[in-house]
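# Reading the structure
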Amino acid sequence: MENLSRGLLLAVGISRTIVKGKMERINRLINGRCPSLFGGRRTNVLDPWDPLDGFLLKLNSARETPARVDWKETPQAHVLKADLPGLKKEQVKVEVEEGRILQISGERSREQEEKNEKWHRIERSSGKFLRRFRLPENAKMDEVKASMENGVLTVTVPKEEDKKPEVKTIPISG
């Protein structure tokens, strides 16, 4: 009986070690890839943001924060909206690259701690952000427009009109 108890305790200890090791690997991956999601501090909380989003081509460095972007397609255009609270349009850059790549980037500065001030919590992210999107072939990349209002960047990319297939009647001889 004593050997059975020791065996069970050993198995439970090994299982805990394996689970703990796996969780540490997940946290290292998240913190290493996206440390600024958590204000530059390490954390054990998993964030719902998916850094491997299918539209996201890459983050240039682990120090960049994601800008959350909604992308919808209307019959006339692709419309992307990014929440960038507290930023002015001069702090944001929208660029078009070869291969139908739309890039939104910028930087949010961290508030400086003044003498005689004590921070109790820092949760807002700061640092550079970069999002890149490969747009579909029907995007008119030379007609991209961007506007910023109340901390929301709206990028509108007009679409080429859908070409309806031309139907040609072929005369039948004979």
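Worth saying up front: this structure is predicted, and the values here are computed from it rather than measured. (Residues numbered from 1 in each chain as written. Predicted model: local features only at pLDDT ≥ 70, side-chain atom pairs only at ≥ 80, totals over all residues. Heavy atoms only, no water.)

## Topic: the nonpolar core
- With 17 residues, the main nonpolar core has Leu84, Val92, Ile104, Phe129, Leu153 and Val155 as its most contacted residues.
- Taken together, the elements giving at least two residues each to this core come down to β2 (77-83), β4 (101-108), β5 (127-134) and β7 (152-158).
- It is β7 that contributes the most residues to this core, three residues altogether.
- Here Leu153 is in contact with Leu80, Lys81, Ala82, Leu84, Val92, Val94, Ile104, Ala146, Ser147 and Met148, once residues within four sequence places are set aside. (Core = buried A, V, L, I, M, F, W, Y, C linked by side-chain atoms within 4.5 Å. Buried < 20%, exposed > 50% of the residue type's maximum accessible area, 1.4 Å probe, protein only. Helix = DSSP H or I, 4+ residues; strand = E, 2+ residues; numbered from the N terminus. Contact = heavy atoms within 4.5 Å.)

## A word on the sheet that holds β5
- In spatial order, the strands read β3-β4-β5; together these three strands make up an open sheet with antiparallel pairing. The sheet is open, and its two edges are formed by β3 (92-97) and β5, each paired on a single side. If you compare each strand with its neighbour and ignore which way they point, the axes differ by 15° on average.
- As defined by bridge partners, β4 adjoins β5 across eight bridges and the pair is classed as antiparallel. (Pairing = 2+ DSSP bridges. Axes fitted to C-alpha atoms, helices over the stretch in contact; angles between N-to-C directions.)

## Focus on the sheet that holds β7
- With antiparallel pairing, the four strands of this open sheet are ordered in space as β1-β2-β7-β6. Whereas interior strands pair on both sides, the edge strands pair on one side only; in this sheet they are β1 (69-73) and β6 (145-149). Shown here is a sheet whose adjacent strand axes are inclined to one another by a mean of 15°, direction ignored.
- In terms of strand pairing, β1 meets β2 through five bridges, oriented antiparallel. If you follow Lys72 over to β2, its bridge partner there is Val79.

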